[in-house]
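Close look at the chain arrangement
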Amino acid sequence: KYFSNNGKIAIEIEYHDDIINGKIKTYDEFGNIVMDATYSNSNLTGEVTTYYSNGMPQRRSQYKDGKQCGTSITYDTFGDISIESMWKDGKQTGPELIYYPKSIGGNIYSRTEYVNGERHGMHIKYAQDGEVLSRQSESDGMVQRKVPR
């Protein structure tokens, strides 16, 4: 355990043979948790959760051998999902969904496809009622053409 100048805990780390192995938790200057993660042989492994100062989760992501993989979910300060994305070998791959706040319906704001960390395929923006506002076809992060609604 490591402490900040004000005596509050700052970091909890598990070491085995001078290598980070196990849980690591970091805290802000008030003692609130900021991050909770697990390491194996000094590589992030499993779920990593970051937190807002109010204690609500900010983001939950999965890691394997130090690379982000699986589903990553970002939350707003009320605990509602604001972004969902998929990762493989440390690169964003698959759909990314961004949502309107729950207070105004929580419907999908945009959907963007990713391949190997680059925007690729359709990028669609929606109105709060679900109506399609725009569509773009993209390849390697570049707009190929705008598609009519």
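Before reading on, note that the structure itself is shown above.
Our subject in this report is the structure included herewith. All values reported here derive from a predicted model rather than from experimental measurement. Position numbers for residues start from 1 in each chain and track the written sequence from start to end. Restriction of local features to residues with pLDDT of at least 70 applies here, the model being predicted, together with a cutoff of 80 or more for giving and counting side-chain atom pairs; totals for whole chains, interfaces and linings are based on all residues. Only hydrogens and water are removed before side-chain values are computed, so all heavy atoms of the structure are retained for them.

Criterion for a salt bridge: a side-chain nitrogen of Lys or Arg within 4 Å of a carboxyl oxygen of Asp or Glu. Per the stated rule, a full pass over the model turns up two salt bridges. Here D36 ties to K23 by a salt bridge, and the two come within 3.1 Å at their closest N and O atoms. Taken as a pair, D36 in strand β4 (residues 33–40) and K23 in strand β3 (residues 19–27) lie far apart in primary sequence, 13 residues in all. Accessible area is worked out with a 1.4 Å probe on protein chains only. A residue is then buried under 20% of its type maximum, exposed over 50%, and partly exposed in between. Overall, D36 belongs to the buried group, its relative accessible area being 16%. Given the relative accessible area of 35%, K23 is considered partly exposed. A salt bridge links E113 to R111, with the shortest nitrogen-to-oxygen separation between them at 2.9 Å. Taking the relative accessible area as the measure of exposure, E113 reaches 22% and is therefore partly exposed. With relative accessibility at 31%, the residue R111 sits in the partly exposed group. A run of DSSP states H or I qualifies as a helix once it reaches four residues; a run of E qualifies as a strand once it reaches two. Both are numbered from the N-terminal end.

Quick look at unusual backbone geometry now. The residue D18 is not glycine, and still its phi comes out positive at about 65 degrees. Following the sequence through the fold, D18 ends up in the loop between β2 (9–16) and β3. Phi at D89 takes a positive value of approximately 50 degrees, unusual for a residue other than glycine. Exposure remark for D89: the relative accessible area of 54% places this residue in the exposed category.

Attention now moves to the nonpolar core. Joining through side-chain atoms within 4.5 Å is the link that ties buried Ala, Val, Leu, Ile, Met, Phe, Trp, Tyr and Cys residues into a set, and such a set is a nonpolar core. Formed by I20, I24, M35, A37, Y39, L44, V48 and Y63, the largest nonpolar core amounts to eight residues. Put simply, the parts of the chain that give this core at least two residues each are β3 and β4. Here the element with the most residues in this core is β4; it accounts for three residues. Here I24 is in contact with I11, E12, I13, M35, D36, A37 and Y39, once residues within four sequence places are set aside. Two residues qualify as a contact provided that any one of their heavy atoms is within 4.5 Å of a heavy atom in the partner residue.

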